[in-house]
Amino acid sequence: MGELITNEILKGESMLPEYFEFSLPVKLVYGPGIIGNVKESVAKFGKKRALLVTDAVLAQAGPVERVKDGFKGTDISIVSVFDDVPPNSTLKTVQACAARGKADKCDMIIAVGGGSVIDTAKVANLLMVKGGNIEDHMGAYLLDINDQLLPSIIIPTTAGTGSEVTKVAVIADPDNDVKLPFAEEQFLPQLAILDPELTISLPGKLTAATGMDALVHAIEAYVDKEWSPASDALALHAIKLISRNILGACANPQDIEARGAMLVGSFLAGVAFSHSMVGMVHGISHALGGVYHIPHGIANSLILPEVMAHNLESRLDRFADIAFTLGISFPEVVSDSRSIIDTGKLDIVSKLVKKTEMKSLQDVVESGSHAVRDFALRQLDHLAFVDQWIRRKAAEAGVEKIRTLNRQLAFLTGTPLNLKDAGITDGLAKLDQVADTAMEDGSMLYNPVEPRREDVVEIIKKAYNSTDKPLKVLEKDLKTAKKGKAADGVKNVFKNTEELYDVLAGFYELLKKDEELGPALAKTGLCVQFVYKNPSAVITVDATGKGVEIIQGDFDGKPEVTMTMDADFAHKFWHGKANLVSALTRRLVVAKGNVPKTLKLLPVLKPAYKLYPEYLREKGLSDIVM
Ligand code: NAD
């Protein structure tokens, strides 16, 4: 082994590939409950007749209703709903969907669902615009760069495929037992809306399977032949978000933080893999989906550890990075030797030197000069194999971590742990067909190791025969679960304008009289007007004169700053639970005038956050305290 461990290997691959591309023309908005607040984001589409594409489950489970509500009051009218998409959508479904959109004269598409729905919407869009047979459009990048499809909005309800940010669509051809890939730049939507609240209804088993699909995207993107620095960065962060939150999302479906992390992880993984492609895991999973109809995420999760083990040696450093991101800790002894020395951890060197009993050398080392440091570094180079050994062990531990994750997910949600339990009931009689189909899959081209048919067969057999058992999940394995809705449940807190004036203007009067806050407010010399909506009201806080005046309704003067916001937002703000800066970015608050001056007031107002709930309680309004 010794001669293999050269400095070249330790330095790993070059830090940059010879060539890479990156583009993401999709505007994406994220936020728990954001579907109730899309007016600004969708304004640019203008007046449209939208076809909403979804499936029967989602039409019942709540997300579709929430989306319809969200689009009320916008210029986009949902004039047609196609909710017949099955899991692993088919060519026939796409045709029916396109026919519906054409019949109802739709000029835009909104997809609400998982990958099956999103991919159906993508290809149906193509068919609506280009016409002809679906078979005519099969392939990659057949459209001219100037060809336009109908504008589209994608709203994912699973955290899995990342299809909202990919240029591909996968549609099943059940007559031929295969899944067909379509790829076009124009499949990217103009807007993707990520609202984790829309994923809460996703059952545990599907949360696990779709989440593992996203994890596979990130891992394959990171080790593939077509790597690029942009997808590397996205892939590693996706691995972190998904691996640390998937158990939490399955154990506590309402944990909005975990759901959000999964959705964002899935999006990042989607961008990563659409820039560096997927590999052998997907090649085999597509074949298992086509021949045995194994759900995509389940096939991916079972094949993943086997393919990782198979590819390990070819990308040892990268698999060690993945292990580290998955939470495996290991010392970086030699490859990081310069930092060991630079950070003064020379005692390791000294100990090594002591062992060699080279007294004079030891003295020099302890003197700590630059020459010595360089010398010590060169000595450490001889220990390179230790580093390589540690990284290999770490990479192997990463594979074990994935097996453990699968077992924990099986415990939490009942996902299968081998292909037999996943639905192969014929004793793997079609193994040859699966292997042949996999070998023809485009994903295989990007695998870091050239796939050989016999290896594919071996991997499928291992995943079929696995005897892994579910593993109990301990509390420490779960991130602290945050139950309940992140939007903090405030909705129409003030029944009418009168009540709003009573509560908010009353509160400003209290601030004015407060020993600390009153003088601080007066000192600002500012005149700030708050324009509230739902219900409507105007309150002006005028500190331009001698004291502070609180004026309800019409105001004769000229406020220096006007802030327009929902009354619910103000209620949340005075609880200290709203982020004004982010609300300004999202235009939940529209500010006119010298805004930075007002923002400087925020620290002055901090004590008011404590006063507001106390004030509400004293007024007998405990029920609206957040
Ligand atoms: P899916 O869309 O097939 O949905 C699986 C099931 O979950 C369906 O029954 C659906 O009704 C249900 N569901 C979805 N969201 C729900 C919610 N919020 N609440 C309750 N039920 C919900 O699953 P998927 O894994 O998202 O998509 C799989 C498809 O995507 C496959 O066809 C796969 O090949 C394809 N895919 C596409 C890409 C791409 O980039 N285009 C990438 C990976 C996979």
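Residues numbered from 1 in each chain as written. Predicted model: local features only at pLDDT ≥ 70, side-chain atom pairs only at ≥ 80, totals over all residues. Heavy atoms only, no water.

A. Inspection of the packing of aromatic side chains at higher detail. Tallied over the full model, the rule gives 10 aromatic pairs. A ring pair is formed by Y508 and F530, whose centres lie 5.7 Å apart and whose planes are at 35 degrees; its orientation type is tilted. Of this pair, Y508 sits in helix α20 (residues 497-513) while F530 sits in strand β10 (residues 527-533), and the two are 22 residues apart along the sequence. With relative accessibility at 3%, the residue Y508 sits in the buried group. Ring centres of Y508 and W574 lie 5.6 Å apart, and the angle between their planes is 65 degrees; on these two criteria the pair is classed as edge-to-face. (Phe/Tyr/Trp six-rings, centres within 6.5 Å; stacked < 30°, edge-to-face > 60°. Helix = DSSP H or I, 4+ residues; strand = E, 2+ residues; numbered from the N terminus. Buried < 20%, exposed > 50% of the residue type's maximum accessible area, 1.4 Å probe, protein only.)

B. The arrangement of the sheet that holds strand β6 (residues 152-156) in detail. Strand order across the open sheet formed by 6 strands is β1-β9-β6-β4-β2-β3, with parallel pairing between neighbours. Edge positions in the sheet fall to β1 (27-30) and β3 (76-82), since each has one partner strand and no second. Neighbour-to-neighbour, the strand axes of this sheet turn through a mean angle of 20 degrees, independent of strand direction. Bridging between strand β2 (residues 48-53) and β3 involves 6 bridges; their strand directions are parallel. Each bridged residue has a counterpart across the sheet, and for K48 the counterpart in β3 is I76. Running at roughly 155 degrees to β3, helix α4 (residues 63-71) makes contact with β2, β3, β4 (108-113) and β6 of the sheet. (Pairing = 2+ DSSP bridges. Axes fitted to C-alpha atoms, helices over the stretch in contact; angles between N-to-C directions. Contact = heavy atoms within 4.5 Å.)

C. View of the side chain of R315. Tracing the backbone shows R315 in the loop between α11 (296-311) and α12 (316-325). At a separation of 3.0 Å, a polar atom in the side chain of R315 contacts the main-chain carbonyl oxygen of V223. (Polar contact = N/O pair within 3.5 Å; in protein donor to acceptor, adjacent residues only side chain to side chain.)

D. Just the confidence of the model for the protein chain, in detail. Here the protein chain averages 89 in pLDDT, and 88% of its residues register 70 or above. Between residues 480-487, whose pLDDT stays under 50, and residues either more than four places distant or in other chains, the model counts 19 contacts. (pLDDT = per-residue confidence, 0-100.)

E. Quick peek at the sheet that holds strand β12 (residues 549-552). Judged by pairing direction, the sheet is mixed, and its 5 strands sit side by side in the order β12-β11-β10-β13-β14 without closing on themselves. Each end of this open sheet is capped by a strand with a single partner; those strands are β12 and β14 (589-593). Strand-to-strand twist in this sheet, taken as the mean axis angle between neighbours without regard to direction, amounts to 15 degrees. Note: β10 against strand β13 (residues 561-566), 6 bridges, orientation parallel. Bridged to F530 within β13 is M563. Contacting β10, β11 (537-542) and β12, α20 crosses the sheet at an angle of about 10 degrees to β11. Along the sheet face, helix α22 (residues 567-574) touches β10, β13 and β14 and points at about 100 degrees away from the line of β13.

F. Seen up close, the site of the ligand. Taken together, 28 residues lie around the ligand, and D55, G115, S116, T158 and T166 are the ones closest in. Here a nitrogen atom of the ligand sits 3.3 Å away from a polar atom, N or O, in the main chain of L202. Considered on its own, the ligand offers 860 Å² of accessible surface; in the complex 93% of this is hidden by protein. Those elements that place two or more of their residues in the shell around the ligand are α3 (56-61), α6 (115-130), β7 (168-173) and α7 (204-223). Among the elements that make up the shell around the ligand, the one with the highest residue count is α7 (4 residues). Taken together, the residues of the shell around the ligand break down into 10 nonpolar, 14 polar and 4 charged. Residue-level mapping places the shell around the ligand at the junction of two domains, with at least three residues from each of domain 1 (1-22 + 203-480) and domain 2 (31-201). (Near = heavy atom within 4 Å. Areas by Shrake-Rupley, 256 points an atom, 1.4 Å probe, with all protein chains shown as cover. Nonpolar A, V, L, I, M, F, W, Y, C, P; charged D, E, K, R; others polar. Domains from an automatic or database assignment.)

G. Geometry of the packing of α7 against helix α9 (residues 256-276). With their axes 8 Å apart at the nearest point, α7 and α9 run at an angle of 40 degrees to one another. By the angle between their axes, α7 is oblique relative to α9. Between α7 and α9 lies a crossing whose hand is left-handed. Here T207, G211, A214, H217, A218 and A221 of α7 lie close against α9, whose contacting residues are R259, M262, S266, A269, A272, F273 and S276. Grouping the constituent residues of the contact of α7 with α9 by class yields 7 nonpolar, 5 polar and 1 charged. (Parallel < 35°, antiparallel > 145°, perpendicular 65-115°, else oblique. Left-handed = near helix turned anticlockwise from the far one by under 90°.)

H. Spatial organisation of the side chain of S231. Structurally, the position occupied by S231 is in helix α8 (residues 229-251). With a relative accessible area of 0%, S231 lands in the buried category. Within polar-contact distance, the side chain of S231 engages the side chain of S276 at 3.2 Å. When near neighbours in sequence (up to four residues on either side) are disregarded, S231 contacts A272, H275 and S276.

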